[in-house]
Amino acid sequence: IGYDRIIKMLTVHNGELVVEEKGLHSVEKFLLSRRIMYWQVYLHKTVLAAEKMLVNIMRRAQQLIHNGIELSVPSKALQYFLTKKLQRNDIQAALPIFCTLDDVDVMCAIKAWENHTDLILQHLCRGLLNRNLYKIHLQNEPFENDILQQKSMEYATKLNVDGSDVHYFAFTGEAINTLYNLHEERITILFKDGSTKDISEVNNTLVHKTFANPVKKFYICTLK
């Protein structure tokens, strides 16, 4: 991406940050490349599987703590978020604590939990540490409920897991990628005659309203 070109084409018009017309194609290439990066990197199957496993580890740890089960949490900052049920008015006090969290806090906790007596937490932690992640399958249409129910029953029997907890091992979801969000993003193009248009309204551009529609991919995560 020629980011230096984009920066050079930035200017201020009527108090608004805009892009000069000469930088239009550079911005287009940036948006298209960002879309490709999301599918190939940020929303890649392996990244998605690892993220969902990490989220479920934290959800399980929080559930155990709220149920009165003892759980060692090496980091005080992480312990704060796992033990406290945050409300909207707690955000101001919680933000400085959140800023002290990093991946070291999380990985130390996961290593401490990999031998916990709770088999669900133990299995998830060992899976993440040993890179034995969820098996994930993506498709363009939602998955049938029968597929998820079949997998859920299989894990409930094989792993002796309660039906209310089997969602840690089999679940569905959706990944969304948008080229250009018309509501949350606004890239204004300044033309030579002094007029301005949103990039989605400029003729003969790749970033038009059709491409602005979000693209969804549906996934199902199961144990390997």
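Not measured: the values here are computed from a predicted model.

### Quick look at helix 2 (residues 24–42)
Taking 1.5 Å of rise per residue, 19 residues should cover 27 Å, and helix 2 covers 25 Å from first to last C-alpha, within 8% of that figure. Taken as a whole, helix 2 has its buried residues at L24, S26, V27, E28, L31, R35 and W39. Along its buried surface, helix 2 packs onto helix 1 (3–8), strand 2 (16–20), strand 4 (170–177), strand 5 (188–190) and strand 7 (215–222).

### Here's the deal with helix 4 (residues 76–83)
Along helix 4, the positions that sit buried rather than exposed are A77, L78, Y80, F81 and L82. On its buried face, helix 4 sits against helix 3 (45–66), helix 5 (91–98) and helix 6 (103–113). For helix 4, the N-terminal capping position is held by S75, with its side-chain oxygen 3.3 Å away from the main-chain nitrogen of A77.

### Side note on unusual backbone geometry
A positive phi is found at N14, a non-glycine position, where the angle reads about 55°. As for its position among the elements, N14 is in the loop between strand 1 (10–13) and strand 2. In this structure, R131 is a non-glycine residue whose phi angle is positive, near 60°. Structurally, R131 is set in the loop between helix 7 (119–129) and strand 3 (135–139).

### Brief notes about the confidence of the model for the protein chain
Overall, the prediction assigns the protein chain a mean pLDDT of 90, with 96% of residues at 70 or greater. For the protein chain, per-element mean pLDDT is lowest for helix 2, which scores 87, and highest for helix 6, which scores 96.

### Re the layout of surface pockets
One number sums up the size of the largest pocket: a volume of about 210 Å³. Forming the boundary of the largest pocket are 13 residues, of which L119, I120, H123, L159 and F169 lie nearest the centre. Ranked by residues supplied to the lining of the largest pocket, first place goes to helix 7 with 6 residues. Broken down by class, the residue content of the lining of the largest pocket amounts to 5 nonpolar, 5 polar and 3 charged. What lines the second largest pocket is simply I6, L10, L17, V18, V19, V27, F30, R186, I187 and T188. The residue makeup of the lining of the second largest pocket, split by class, is 8 nonpolar, 1 polar and 1 charged.

### What about the sheet that holds strand 2?
Read across the open sheet, the 4 strands follow the order 1-2-5-6; overall the sheet is mixed. The sheet is open, and its two borders are formed by strand 1 and strand 6 (196–198), each paired with just one other strand. Going from strand to strand, the sheet's axes swing by 45° on average, the running direction of each strand aside. Where strand 5 and strand 6 come together, 3 bridges link them in antiparallel fashion. The partner of T188 across the bridge, within strand 6, is D198.

Here is what the cut-offs are and how they apply
- Residues numbered from 1 in each chain as written.
- Predicted model: local features only at pLDDT ≥ 70, side-chain atom pairs only at ≥ 80, totals over all residues.
- Heavy atoms only, no water.
- Helix = DSSP H or I, 4+ residues; strand = E, 2+ residues; numbered from the N terminus.
- Expected span 1.5 Å × (residues − 1).
- Buried < 20%, exposed > 50% of the residue type's maximum accessible area, 1.4 Å probe, protein only.
- Contact = heavy atoms within 4.5 Å.
- Polar contact = N/O pair within 3.5 Å; in protein donor to acceptor, adjacent residues only side chain to side chain.
- pLDDT = per-residue confidence, 0-100.
- 1 Å grid on protein atoms, 1.4 Å probe; cavity = no way out; pocket = protein on both sides within 12 Å on 5 of 7 lines; lining within 4 Å.
- Points joined across faces, edges and corners; volume = space filled by probe spheres on them.
- Nonpolar A, V, L, I, M, F, W, Y, C, P; charged D, E, K, R; others polar.
- Pairing = 2+ DSSP bridges.
- Axes fitted to C-alpha atoms, helices over the stretch in contact; angles between N-to-C directions.

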